[in-house]
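So you can see what is in the structure, the chains are spelled out below.
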Amino acid sequence: MNRFRLLVFISFALSSALAQETIQLSIMIGSSSGIDFVRDAANEYMRLHPEVAIEVLEGPARTDDLLAIYEDYFNSQEGVDILTLDVIWPGDMGDFMLDLYQFEGFSEAANEHFEAIIANNTTLEGELLAIPWFTDAGLLYYRTDLLEKYGFSDPPETWQELQSMAQVIQDGERVAGNEEFWGFVFQGREYEGLTVDALEWIASNEGGTFISSEGEVTVANPEAAEVLELVASWVDSISPPGVVDFSEEESRSVWQSGNAAFMRNWPYAYSLGNADDSAIAGKFAVAPLPAGEEGASVAGLGGWGLGIPNYSAHPEEAAAFALYLSSKAQQKQRAIAGSFAPTYPELYQDEEVLAAVPFFADFRTIVEHAVPRPSAVTSPNYAAVSRAIYRAVHTILIKERDAAEGLEVLAADLEAITGFPRVQP
Amino acid sequence: MNKQTRKIIGEIFFYILIAIIAIYLIFPFYWALISALKTEGELIAAPATFFPKEITFRNFQAVFTNTAFLRGILNSFIVAGSTTLFSLMVGAFAGYALGKLRFRGRTPTLYTILAMTMFPAVAILSGLFQVIKAIQDIAWLNVPTLVLLILIYMVFTLPFTIWVLTSFFRGLPDSLLQAAQVDGATFLQTFWYILLPLTAPALVTTGLLAFIGAWNEYLFALTFTLQEPGSRTVPVAISQLGGRFAMQEPTGELMAAALIITVPLITLVLIFQNRIVDGLTAGAVKG
Amino acid sequence: MAVSTKAPKARQLSDLARQEERTAWWLLFPSLLLLFLIGIYPLAQVFYLSTTNKRFASSQPTEFIGFANYRDLLSMTVRELPVQLDEAGQPVIEDGKKQYESWVRVLPREPLRYRAAFEFGFFGKRYVIGAVNADFIKSVWDTIVFTVVAVALETLIGLIIALALSRKFFGRSVMRTAMLVPWAIITVVSSLIWEWMFKSNRSGFFNALFDRLGWGDGNTVFLVNPALQMPSIIAIDVWKTAPFMALLLLAGLATIPRELYEAAEVDGANKIRKFFSITLPLLLPTMAVALVFRTLDSLRVFDLFQVVFGERRYSMATFAQFTLVSNKDMGLSAAASVIIFIILFIFAIIYMRSLKVDA
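Residues numbered from 1 in each chain as written. Chains lettered and ligands numbered in written order. Predicted model: local features only at pLDDT ≥ 70, side-chain atom pairs only at ≥ 80, totals over all residues. Heavy atoms only, no water.

Let's shift gears to the overall build of chain C. Looking only at helices and strands, one finds 13 helices and five strands in chain C. Taken over C-alpha atoms, the radius of gyration comes to 27 Å for chain C, far larger than the 21 Å a tight globule of 359 residues would show. With 359 residues in all, chain C has 55% of them scored as buried. Here the analysis covers contacts within chain C between residues at least 6 apart in sequence; of these, 58% occur between residues at least 24 apart. Treating the 37 positive side-chain charges of chain C as one cloud and the 29 negative ones as another, the clouds have centres 6 Å apart. (Helix = DSSP H or I, 4+ residues; strand = E, 2+ residues; numbered from the N terminus. Rg over C-alpha atoms; globule rule 2.2 N^0.38 Å. Buried < 20%, exposed > 50% of the residue type's maximum accessible area, 1.4 Å probe, protein only. Contact = heavy atoms within 4.5 Å. Lys, Arg positive; Asp, Glu negative; His and termini not counted. Charge placed at Lys NZ, Arg CZ, Asp CG, Glu CD.)

Here you go:
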């Protein structure tokens, strides 16, 4: 018994002595964020830096599950060393993330990324909490064949134009025998996606971004009410009644089965739409989202970044690896092989990238004009803010309340959550 | 209407009722099956087809080549199997004590055990996280994660097991006990040789229920196996079946995975049930 | 003398009783040890946290705030909604119904802001129940409705299945397999299967089926339409758990001695009388335990609501989860959990008393 205990002790001491020679780092990646690329990158990095051992853990595919895990880490001050962060998280997690500017190379790197994304990941005090890794922005998908068939030369530039074109095409296709056909699909379910869609509608109609970057509740305004009234009128006219229960995937399934003329979605639907068994392969294109009659097109900003939590035992080494993962070379590779949209404007002119993903050519201007959700200014309450937003907008879409009244309630909610003053524009 | 025709009509209604219930129970499984066999194009097409036009095994292939998923099946069998076995062992003792023995504090004990199940799992998650951390920090013990999962699941299956077994033990006639005592058998002997065989049907049933409970559990499994991919159970492995893109939901693969893990489970339960339940229900209850 | 002859016998008896008591505690020891070792700290912590303002994953210092969390969760008020009047001072009537003012102007805003949880009509007037945390009050109501309806239905269906399987009939083995199917599929996945079947257009099973049968327009939004949400989720739960009932009841049926039926047949009792005079009374203890656990489980329903409704409609447990994970309000979430605990306890006591399970 004693001898056995001793043996265990010796082997334990030995293994921990061995472990001390290398610096252990870990990172968790959702299976859909290109985990294989990260594994390859980690192996390459370990070859270049033999003193570092990196463990790549597979995290849950669902974003909410990943968030719950991170919160457990923060709570117990123990966990992986490099966090992959949704674009809306850095604000709320501010207390637990290190300022990346304290590490070597980040100031230079930050200048090369899209400004809007860096701004989104920066706190009011000027701390950079996440280095951009890949980006996402809302797009208008449209059916080139149907636009041609009904005599339209260009995709719509205003929401009103979209409505009338969608109506014409829908009526035509219904007469032609496709009873399942709808004009426009978007994301109308009560979830984060609706906050993004609503941001795009309202901001593109000069109705602001719910809460201004100065910290004022601006959402209750006539422009916002006007565009939400318009969208609510689409439900069960040019959009299916079920659109109020659509997330990205439900929209894509209607669109990809050839039953919609227009769709609002993220870039991921592009390559899936051109897959072999897609009914619309080669029959569609993307454009910037329409705008209100006075406003300009707005794309909601999405995407992911990399950050270092405050409990990491090796923050410097972790930061160096994060910098490597987010580097231009890495992003180029991920863009070519996995169509992850780069966060460097420069890569959108890269010939190899464009050859692999042609629509990136137009994507650069879209990302440049992308608008982030008010996650930085409302931290650490963004989750509650967003929930108030999508619930209020949903009550308008299902016509439980008219837009003006719904926004009135929302403004009061936002005041209560954030403590910001309300501003009449 | 004579008695014969009434009986026939009764039989017909009986079979119709059975058929409706059988369809209700099986249909979603059938729907998952055809959804897994459809191509993505057909899966999202409207109106839905009730039989796939073109059968593809791509979803099944994807799941079967996923080693994390296969590992998950093995882990789930280990965890759920051990949880069941230990819950039954420990729970049968407790059920016997609570159902047949007289002692002070019996009712409060029953209620306390029941009260353990009255919190939503999410509420005790973070507290449990700390307890588990504390156990893991005892380095020389080196408790494997799967064992920790078994311990946690037992906390959730035990109250139920104890309650069901208590009610079954109580239902057994006292005359048996008295006869055994007259013969000079100890409490344990009475328990082991007389009562336990009689409660076999209840043991099988509660065992099955405990097994499925542990097999289905997601929240704790997710939380406690994060740092150890090798210990993940099936529900966690399924939640990690992601699409190629963050927003893509691989519906077909999810359905295929659901079928793949359900079929062996049902087979297992069937073998188990036919062998044991049938054998026992015939002879066990003599009263 | 009389005393001395009695004393050893009494001692012998109490020795036996003491031995029995010791045995009982030894038998209970492993169960209690495990339950307390793993369970007691997390449970105690919930009570403690419910009186603090602790935030999850936050650096904000934690303070003791007494019962403020409970006040926030439970504050309710009832107000009458005034009739909407037009400029001429006449009630506004649309579709033949009087229109009422919105709750927004009626419910108090200071010091605590109330929101509408329910509206109802009573003697020609319209009232609104406002709550500081309307989501929680709604989740309590929804969960109780869900539990009562779902448990009643699954007991009924479970009983039918159990009775059917206890006799021999053609297709019994098929039925036995069918019974295991819903229950063997992992809840997270079966919720997804049903969500897929309830899709809002004809690519979902129910819309495709109803469309063929000529009901509805094939675009019914089952999971958003408030009138269809509860029936949909109850259908899923009954499907999933009726087999659980059936299996327990089947085991209960197996313990009923055949002789009782034979004796009743001699007395000329028909099937219905046999059911009510023998089967049901003898099945009651098993059914009571099954009911208690199904009810407690349903009141804690989590996976199902989480997958199917997300944040559209809460059960008590998903409310606690979202309060914790999205809002990071650990104190409030713990208080909600304690209230859930109390509600469950009340249900359990009612059962024990009325079904005499603990007798």
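Turning next to the domain arrangement of chain B. All names here are of chain B. With domains assigned, chain B is organised as domain 1 (1-56) and domain 2 (57-283). The C-alpha centroid of domain 2 is placed 31 Å from the C-alpha centroid of domain 1. Note on domain 1 versus domain 2: buried area summed over both sides is about 880 Å², and carbon and sulfur give 74% of it. The largest contributions to the domain 1 side of the interface with domain 2 come from Phe29, Ala36 and Thr56, which together make up 50% of the buried area. For the pair domain 1 and domain 2, the interface holds zero salt bridges. The tally of links from domain 1 across to domain 2 stands at two residue pairs in polar contact (both at pLDDT 80 or more). Class assignment for the residues of the side of domain 1 that touches domain 2 results in seven nonpolar, two polar and one charged. (Domains from an automatic or database assignment. Buried area = accessible area lost by both parts, 1.4 Å probe. Salt bridge = Lys/Arg side-chain N within 4 Å of Asp/Glu carboxyl O. Polar contact = N/O pair within 3.5 Å; in protein donor to acceptor, adjacent residues only side chain to side chain. Nonpolar A, V, L, I, M, F, W, Y, C, P; charged D, E, K, R; others polar.)

Right, let's talk about the interface of chain B and chain A for a bit. Chain B puts 29 residues into the contact, and the matching count from chain A is 33 residues. Of the roughly 2,700 Å² buried at the junction of chain B and chain A (both faces included), carbon and sulfur atoms supply 57%. The interface formed by chain B and chain A includes two salt bridges. Residues Arg58 of chain B and Asp277 of chain A are paired through a salt bridge, measuring 3.7 Å at the closest nitrogen-oxygen approach. Mapped by element, the contributors of at least two residues to the side of chain B that touches chain A are α2 (40-44), α6 (121-137) and α11 (219-224) of chain B.

Looking now at the sheet that holds strand β1 (residues 76-80) of chain C. Residue and element names in this part refer to chain C. With antiparallel pairing, three strands are arranged side by side in an open sheet as β1-β5-β4. Each edge of the sheet is formed by a strand with only one pairing partner; in this case those strands are β1 and β4 (115-122). Strand after strand, the sheet turns through a mean of 25 degrees between neighbouring axes, direction not considered. Looking at chain direction, β4 and strand β5 (residues 125-131) are connected through seven bridges and run antiparallel. Paired with Gly121 across the bridge in β5 is Arg126. Of the strands in this sheet, β1, β4 and β5 touch helix α4 (residues 134-166), which is tilted by about 55 degrees from β4. (Pairing = 2+ DSSP bridges. Axes fitted to C-alpha atoms, helices over the stretch in contact; angles between N-to-C directions.)

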